[in-house]
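Coordinate inspection notes
So the chains spell out like this:
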Amino acid sequence: MKKKIKQPLTIEQKIRTRRILSFSVFIVFIFAGIAGWRYLYTLPSNLPEGQNTRVPLRKVLDGNEKVFSMLTLSNNHLAKTFPKEKAVKKPRVNGMYGLRNDADTTNWQLHLVKANGDTITITLDSIKALPKTEIVFDFKCIEGWSQVTHWSGVRFSDFVKHYGLGKEGAMNYVGLITPDKQYYVGIDMPSALHPQTLLCYEMNGEPLPVKQGYPLRLIIPTKYGIKSLKRIGTICFSNQRPKDYWAEQGYDYYSGL
Ligand SMILES: Nc1nc2c(c(=O)[nH]1)N[C@H]1C(S)=C(S)[C@@H](COP(=O)(O)O)O[C@H]1N2
Ligand SMILES: [Mo]
């Protein structure tokens, strides 16, 4: 009787087997990836009003927020500053939400909503009467560009002190809204009270150009440009996250640097 002798595989056969195996693994991973992604989008979003970041992604972002705020705020981290000569003469303009209607800057007044619901109105002159601070820093947009720019105004923390906003300043968030309510941002209070956060009325030593937020804008160097709201109409305070234009589009609420 003839015994069948098992031949060892040739090199070509071995390569073929491995190729089939690795290709199968590759296909399995692709389908696992697609299934995982689909699953993520069946999960509820934990934020109200279309702030549509899925819960697991939101958790990652919240974790990042904790780490970043520990790094950037606990040891009094300051954004790097530059000498004035380094500032660009004609900074680029980016983002026009809430700026398209020019008429409402003529009788501009800032509306400040206090914790008890009262609104006080504040003129530009009374803001200019507060101690003036300047900063030259590298302004960073999430679109991937940055430029060194020069701004002056009032520290947000000085503003809070001057208007006796102790109760408001102890709340978790500050919300800023353009007069026409087309653009709005929310800022966590520790970042708002950071010494480099300014209510700004000058760029390169001149009143703000209209497209750059005349008469008053926020400058917050510890965050991406999306948070530096131009043309502030209303400032309010809250323990819940105020509405935020780009967070509603899925961007990170904290947007720290
Ligand atoms: N009112 C308003 N403020 C805004 C925006 C906007 O669209 N509307 N865009 C933001 C973004 S994405 C950036 S990068 C900066 C750009 O500021 P600049 O135009 O002074 O360069 O403004 C921020 N503030
Ligand atoms: Mo931006």
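Residues numbered from 1 in each chain as written. Chains lettered and ligands numbered in written order. Predicted model: local features only at pLDDT ≥ 70, side-chain atom pairs only at ≥ 80, totals over all residues. Heavy atoms only, no water.

1. Digging into the side chain of T197
The line we're drawing: The numbering of helices and of strands both runs from the N terminus, where a helix is a DSSP run of H or I of at least 4 residues and a strand a run of E of at least 2. Here's how the labels work: a residue is buried when its accessible area is under 20% of the maximum for its type, exposed when over 50%, partly exposed in between, all with a 1.4 Å probe on protein chains only.
Checked against the element boundaries, T197 lands in the loop between α6 (189–192) and β7 (198–203). The buried category is assigned to T197, whose relative accessible area is 1%.

2. Let's talk about the packing of aromatic side chains
Inclusion rule: Within 6.5 Å between ring centres, the rings of Phe, Tyr and Trp (the latter by its six-membered ring) count as paired, and their orientation is classed by plane angle as stacked under 30 degrees, edge-to-face over 60, tilted in between.
Counted by the stated rule, this structure contains 14 aromatic pairs. Seen from their ring centres, F139 and W145 are 6.3 Å apart, and the 10° between their planes marks the pair as stacked. According to the relative accessible area criterion, F139 is buried, its value standing at 10%. Relative accessible area serves as the criterion here: at 14%, W145 is assigned to the buried category.

3. Some points on the environment of R16
The topology assignment puts R16 in helix α1 (residues 11–40). Remark: the alpha-carbon pair of R16 and S157, spanning 141 residues in sequence, is separated by 69 Å.

4. Notes on the sheet that holds strand β10 (residues 234–238)
The condition is simple: Being paired, for any two strands, means DSSP has found at least two bridges between them. Convention adopted: a line fitted to C-alpha atoms gives each axis, helices being fitted over their contacting stretch, and angles between N-to-C directions are expressed from 0 to 180 degrees.
Spatially, β2-β1-β10-β5-β6 is the arrangement adopted by the five strands of the open sheet, whose pairing is mixed. Bordering the open sheet on either side are β2 (119–122) and β6 (184–188), each of which pairs with just one other strand. For this sheet the average axis-to-axis angle between neighbouring strands, irrespective of direction, equals 20°. Where strand β1 (residues 110–113) and β10 come together, two bridges link them in parallel fashion. Note on β10: the bridge partner recorded for H111 is T234.

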